[in-house]
Amino acid sequence: MDWQQLVALSIVVVTVALFVRARLKRRSSRSICGTQCDCSGSTSAGTKPSVTYRARKGERPQIITRMR
C-alpha cells in the first residue's frame with residue numbers, strides 16, 4: 001500500500017466518523033425533550049411553534065412564527 005492509498009483511506013475513515021458522530025448527536029438531542037426540535041426541553045409539552053409562510057406575487061415573502 002503506497003502513500004496515496006493510505007491518504008485516500010484515511011479521508012474516507014474520517015468522513016465516515018463525522019457522519020456517525022452527527023447521527024448520534026442528532027438522536028441524543030431528540031431524546032432530551034421528546035420531540036424533534038433542538039430546544040433542549042425549555043418549552044412545555046403543550047406549546048408548539050406555528051410557522052406560516054406567506055408570499056404573493058410582486059410582494060416581499062413573509063415568515064410568521066407564533067407559539068400555540
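Structure: above.
On a predicted model such as this, the values are computed, not experimentally measured, just so you know. (Residues numbered from 1 in each chain as written. Predicted model: local features only at pLDDT ≥ 70, side-chain atom pairs only at ≥ 80, totals over all residues. Heavy atoms only, no water.)

## Section: the overall build of the chain
No. 1: For the chain, the count of helices and strands is one helix and two strands.
No. 2: Moving toward the C terminus, one meets the helices and strands of the chain in the order α-β-β.
No. 3: By residue count, 4% of the 68 residues in the chain fall in the buried class.
No. 4: In the chain, the proportion of contacts linking residues at least 24 apart, taken out of those at least 6 apart, comes to 3%.
No. 5: Roughly 6600 Å² of accessible area belongs to the chain as shown, and the carbon and sulfur atoms make up 58% of that amount. (Helix = DSSP H or I, 4+ residues; strand = E, 2+ residues; numbered from the N terminus. Buried < 20%, exposed > 50% of the residue type's maximum accessible area, 1.4 Å probe, protein only. Contact = heavy atoms within 4.5 Å. Areas by Shrake-Rupley, 256 points an atom, 1.4 Å probe, with all protein chains shown as cover.)

## Points about the side chain of Ser50
No. 1: On the secondary structure map, Ser50 appears in strand β1 (residues 49-54).
No. 2: Apart from residues no more than four positions distant in its own chain, Ser50 is found in contact with Ile64, Thr65, Arg66 and Arg68.

## A closer look at the pairing of strand β2 (residues 62-67)
No. 1: Burial of β2 is sparse: only zero of the six residues sit out of reach of the surface.
No. 2: Taken together, the six bridges between β1 and β2 define a ladder with antiparallel strand orientation. Bridging across to β2, Val51 finds its partner in Thr65. (Pairing = 2+ DSSP bridges.)

## A few points about a nonpolar patch on the surface
No. 1: Residues Met1, Leu6, Leu9 and Val13 make up a contiguous nonpolar surface patch of about 440 Å² in total accessible area.
No. 2: Locating Leu6 in the fold gives a position in helix α1 (residues 3-33). (Patch = residues over 30% accessible without salt bridge, like charges linked within 9 Å, V, L, I, M, F, W, Y side chains within 5 Å. Salt bridge = Lys/Arg side-chain N within 4 Å of Asp/Glu carboxyl O.)

## Structural notes on a positive patch on the surface
No. 1: Together, Arg54, Arg56, Arg66 and Arg68 give the surface a local cluster of positive charge.
No. 2: Relative to the helices and strands, Arg66 is located in strand β2.
No. 3: On the basis of relative accessibility, which here comes to 54%, the residue Arg66 falls in the exposed class. (Lys, Arg positive; Asp, Glu negative; His and termini not counted. Charge placed at Lys NZ, Arg CZ, Asp CG, Glu CD.)

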